[in-house]
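# Commentary on secondary and tertiary structure
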Amino acid sequence: METIEMKVTGMTCHHCVMAVTKALKGVHGVQEVAVDLDRGEAVVRGTPDSQALIDVVEAAGYRAEMKK
């Protein structure tokens, strides 16, 4: 299992956190998700495709990129 850290922008409230969390949990291979509003980050554990993670976050209305 790997840990993937993402920068997520556009979140402004708890509803945003829940929307991003739900979107990420729907990606095949995701086992755990933690989204932090204050830091603008999401940490995903599992074996998902990185581009699929970005795609679902952006489809939910937010911007996402992998942390370097």
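Given the structure is predicted, the values throughout are model-derived calculations rather than measurements.

## Re the pairing of strand β2 (residues 30-36)
Relative to strand β3 (residues 41-46), β2 runs antiparallel, the two being bridged by 6 bridges. Bridged to Val30 within β3 is Gly46.

## Description of the side chain of Thr21
Mapped onto the secondary structure, Thr21 falls in helix α1 (residues 14-25). Thr21 sits in the buried class, given a relative accessible area of 13%. Residues contacting Thr21, with those up to four places away along its chain left out, are Val33 and Val35.

## Considering the nonpolar core
Grouped burial of nonpolar side chains is what soluble globular proteins tend to show. Grouped together as the largest cluster of nonpolar side chains are 19 residues, with contacts concentrated most on Met6 and Leu24. When contributions to this core are tallied by element, the ones reaching two or more residues are β1 (2-9), α1, β2, β3 and α2 (50-59). Leave out the neighbours within four places in its chain, and Met6 touches Leu24, Gly40, Glu41, Ala42, Val44, Leu53, Ile54, Val57, Ala64, Glu65, Met66 and Lys67.

## Quick look at α2
Listed as buried for α2 are Leu53, Ile54 and Val57. Buried residues of α2, viewed axially, fall in a sector of 95°; they line one side. Check the buried side of α2 and you find it contacts β1, α1, β2, β3 and β4 (63-66). At the N-terminal end of α2, a side-chain oxygen is found 3.3 Å from the backbone nitrogen of Gln51, two or three residues along, and the residue is Asp49. The positive-phi residue at the C-terminal boundary of α2 is Gly61, with phi of around 105°.

Parameters and conventions
Residues numbered from 1 in each chain as written. Predicted model: local features only at pLDDT ≥ 70, side-chain atom pairs only at ≥ 80, totals over all residues. Heavy atoms only, no water. Pairing = 2+ DSSP bridges. Helix = DSSP H or I, 4+ residues; strand = E, 2+ residues; numbered from the N terminus. Buried < 20%, exposed > 50% of the residue type's maximum accessible area, 1.4 Å probe, protein only. Contact = heavy atoms within 4.5 Å. Core = buried A, V, L, I, M, F, W, Y, C linked by side-chain atoms within 4.5 Å. Arc of directions from axis to C-beta. Polar contact = N/O pair within 3.5 Å; in protein donor to acceptor, adjacent residues only side chain to side chain.

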